[in-house]
Amino acid sequence: MTKTTASAPVLGIRALNRATLDRQLLLRRSGLSAKAAVGHLLGLQAQNVKPPYYALAARLDGFAPGQLSELMADREVVRIVTMRSTIHTHTAEDCLTLRPLVQPARDRELINFRKGLQGVDLDRLAVLARELVEAEPRTMKQLREALLAEWPDADPQALAIAARCRLPLVQVTPRGLWGRSGQVALTTAEHWLGRPAEPVPTPDATVLRYLAAFGPASVKDMQTWAGLTRLRDAFERLRPQLRIFRDENGVELFDLPDAPRPAEDTPAPPRFLPEFDNLLLSHADRTRVVPKEYWGRSWQGNQAYCTLLVDGFLAGVWRLTADALVVEPFDRLSKAQQKDVTAEGQRMLATLHPGTPYDIRFGTVVPHGPSR
């Protein structure tokens, strides 16, 4: 610990929790437009179609799913693999800048598939794949088959992943639209948006945006969010214009000078979040949102559950059945908490499933299991 860090003010878990919830638009619903919110949050996890809609319903006042669907249909937001090699919904502008920023991580990802790519000229693969998907959107199956004709001895899956890693491939609509269905078909971001990618940016501007959406945060926190390494230099360049704190373990935290840091006793209403919400995935130390005793409780194998926040912290999981919103808390909720959770559940259902007669039921308390 440096002398500067040792003298920096300490932010406890609850202080970090309230600051992060405020940046994430989860202390109170925001009046931002859907597009502005997607930009402020630096994208929304979109491994499945519905999570971005649930994420915005929890954060925005007056949100309706058609707002995000319309942005997607108009190509103002897109679905693309970016941070942590996962699909995100980004604004068109962020698609063209954040994807080049995280390209080094996509290049490293290909190391895991080198055995299946022996003898494959990756530059030629990128040129051929671009020609294919810009001629018409292709499914991953179609892309695999076309590339396999060129490299018959390669692993088909590795060929398709190489194309996804080397090129900024977006999922074309109707995939991603609310209430619609469509298989995943891909083309390049430049072709879909009708404009070229931006030059690879320095990470400095993205550091500031990350802190605005997820701060206060450490260098490792942002590296976890981005799936990148070696961001220390960017933080050091920005140090003179940032405020420095430390957590209870002495880890140095950076923040924007004028960013909100509410009192730790600020009320935090319940929120229903989708699976893979970035709130729970974007810090190296997730205890600001996930109590240690609940680590691993929102996952089972490869299955991630939708999550419930109570008093700002992970408190349970939830799911929709054919006729009910079923809430499964990790510990017993008080009557007042159950009342607040029910009210929030009713609001979420009215926003995303108006006119559908869902009951709200509290399931069996999920038993404690070993942390993972």
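Criteria and thresholds
Residues numbered from 1 in each chain as written. Predicted model: local features only at pLDDT ≥ 70, side-chain atom pairs only at ≥ 80, totals over all residues. Heavy atoms only, no water. 1 Å grid on protein atoms, 1.4 Å probe; cavity = no way out; pocket = protein on both sides within 12 Å on 5 of 7 lines; lining within 4 Å. Points joined across faces, edges and corners; volume = space filled by probe spheres on them. Helix = DSSP H or I, 4+ residues; strand = E, 2+ residues; numbered from the N terminus. Nonpolar A, V, L, I, M, F, W, Y, C, P; charged D, E, K, R; others polar. Disulfide = S-S within 2.5 Å. Buried < 20%, exposed > 50% of the residue type's maximum accessible area, 1.4 Å probe, protein only. Contact = heavy atoms within 4.5 Å. Salt bridge = Lys/Arg side-chain N within 4 Å of Asp/Glu carboxyl O. Pairing = 2+ DSSP bridges. Right-handed = clockwise from strand over helix to strand, strands pointing away.

**Brief notes about the layout of surface pockets**
Here comes step 1: Of the pockets and cavities examined, the largest pocket occupies roughly 400 Å³.
Here comes step 2: What lines the largest pocket is a set of 21 residues, and nearest its centre among them are Asp 247, Asn 249, Val 251, Asp 285 and Thr 287.
Here comes step 3: Counting residues per element, the ones that place at least two in the lining of the largest pocket are α2 (13-23), α13 (219-226) and β7 (252-255).
Here comes step 4: Here the residues of the lining of the largest pocket sort into 9 nonpolar, 3 polar and 9 charged.

**Considering the state of the cysteines**
Here comes step 1: Per the counting criterion, the structure on display carries 0 disulfides.
Here comes step 2: Free of any disulfide, Cys 95 has its nearest cysteine sulfur in Cys 165, 15 Å distant.

**Examining the environment of Ile 244**
Here comes step 1: By the element assignment, Ile 244 lies in strand β6 (residues 243-246).
Here comes step 2: For Ile 244, a relative accessible area of 15% puts it in the buried group.
Here comes step 3: The contact partners of Ile 244, leaving out residues within four places of it in the chain, are Ala 8, Pro 9, Arg 239, Glu 252, Leu 253 and Phe 254.

**Looking at the pattern of salt bridges**
Here comes step 1: Scanning the model with the defined rule gives 29 salt bridges in all.
Here comes step 2: In this structure, Glu 344 engages Arg 29 in a salt bridge whose closest nitrogen and oxygen atoms are separated by 2.5 Å. Of this pair, Glu 344 sits in helix α15 (residues 335-352) while Arg 29 is found in the loop between α2 and α3 (34-40), placing the two residues 315 residues apart along the sequence.
Here comes step 3: Note on Glu 344: relative accessible area 8%, which makes it buried.
Here comes step 4: As a salt-bridge pair, Glu 109 and Arg 164 come within 2.8 Å of each other at their nearest N and O atoms. Note that Glu 109 is positioned in helix α7 (residues 103-109) and Arg 164 in helix α10 (residues 156-166), a separation of 55 residues in sequence.
Here comes step 5: Residue Glu 109 is classed as buried on the basis of its relative accessible area, which comes to 13%.

**Re the environment of Leu 25**
Here comes step 1: Considering the arrangement of structural elements, one finds Leu 25 in the loop between α2 and α3.
Here comes step 2: On the accessibility criterion, Leu 25 (11% relative accessible area) is buried.
Here comes step 3: In this structure the C-alpha to C-alpha distance between Leu 25 and Ala 37, which are 12 residues apart in sequence, comes to 8.6 Å.
Here comes step 4: Apart from the residues within four sequence positions on either side, Leu 25 is in contact with Ser 30, Leu 32, Ala 37, His 40, Ala 58, Arg 59 and Leu 60.

**As for the pairing of strand β13 (residues 324-329)**
Here comes step 1: With 6 of 6 residues buried, β13 is to be regarded as a mostly interior element.
Here comes step 2: Across the two faces of β13 the burial is the same, with Ala 324, Val 326 and Glu 328 and Leu 325, Val 327 and Pro 329 all buried.
Here comes step 3: Of the strand pairs in this sheet, strand β12 (residues 313-320) and β13 are connected by 5 bridges, and their pairing is antiparallel. Across the sheet, residue Gly 316 finds its bridge partner in β13, namely Pro 329.
Here comes step 4: Following β12, the chain reverses through 3 residues before pairing antiparallel with β13.
Here comes step 5: Alignment of β13 against strand β14 (residues 359-362), held across 4 bridges, turns out to be parallel. If you follow Val 327 over to β14, its bridge partner there is Phe 362.
Here comes step 6: The parallel pair β13 and β14 is bridged by α15, and the resulting crossover is right-handed.

**Concerning the side chain of Thr 188**
Here comes step 1: Inspection of the secondary structure puts Thr 188 in strand β5 (residues 186-188).
Here comes step 2: Residue classification places Thr 188 among the buried residues on the basis of a relative accessible area of 0%.
Here comes step 3: With near-sequence residues (within four places) excluded, Thr 188 lies in contact with Arg 130, Val 133, Glu 134, Pro 168, Leu 169 and Val 170.

**Re helix α6 (residues 92-101)**
Each turn of an α-helix holds 3.6 residues, which means side chains three or four residues apart point in the same direction.
Here comes step 1: Of all the 10 residues making up α6, 8 are buried; the element is thus mostly covered by neighbouring parts of the structure.
Here comes step 2: Looking only at α6, the buried set comprises Ala 92, Asp 94, Cys 95, Leu 96, Leu 98, Arg 99, Pro 100 and Leu 101.

**A closer look at empty space enclosed by the protein**
Here comes step 1: Inspection of every chain in the model, using the stated rule, returns 2 cavities of 30 Å³ or more.
Here comes step 2: There is about 140 Å³ of room inside the largest cavity.
Here comes step 3: Lining the largest cavity are 17 residues, with Leu 280, Leu 281, Ser 298, Trp 299 and Thr 307 sitting closest to its centre.
Here comes step 4: Residues belonging to the lining of the largest cavity are distributed by class as follows: 11 nonpolar, 3 polar and 3 charged.
Here comes step 5: Of the pockets and cavities examined, the second largest cavity occupies roughly 70 Å³.
Here comes step 6: What lines the second largest cavity is a set of 13 residues, and nearest its centre among them are Leu 44, Gln 45, Ala 55, Asp 277 and Asn 278.
Here comes step 7: Within the residue set of the lining of the second largest cavity, elements represented by two or more residues are β1 (44-45) and α4 (51-57).
Here comes step 8: In terms of residue class, the lining of the second largest cavity is made up of 7 nonpolar, 4 polar and 2 charged.

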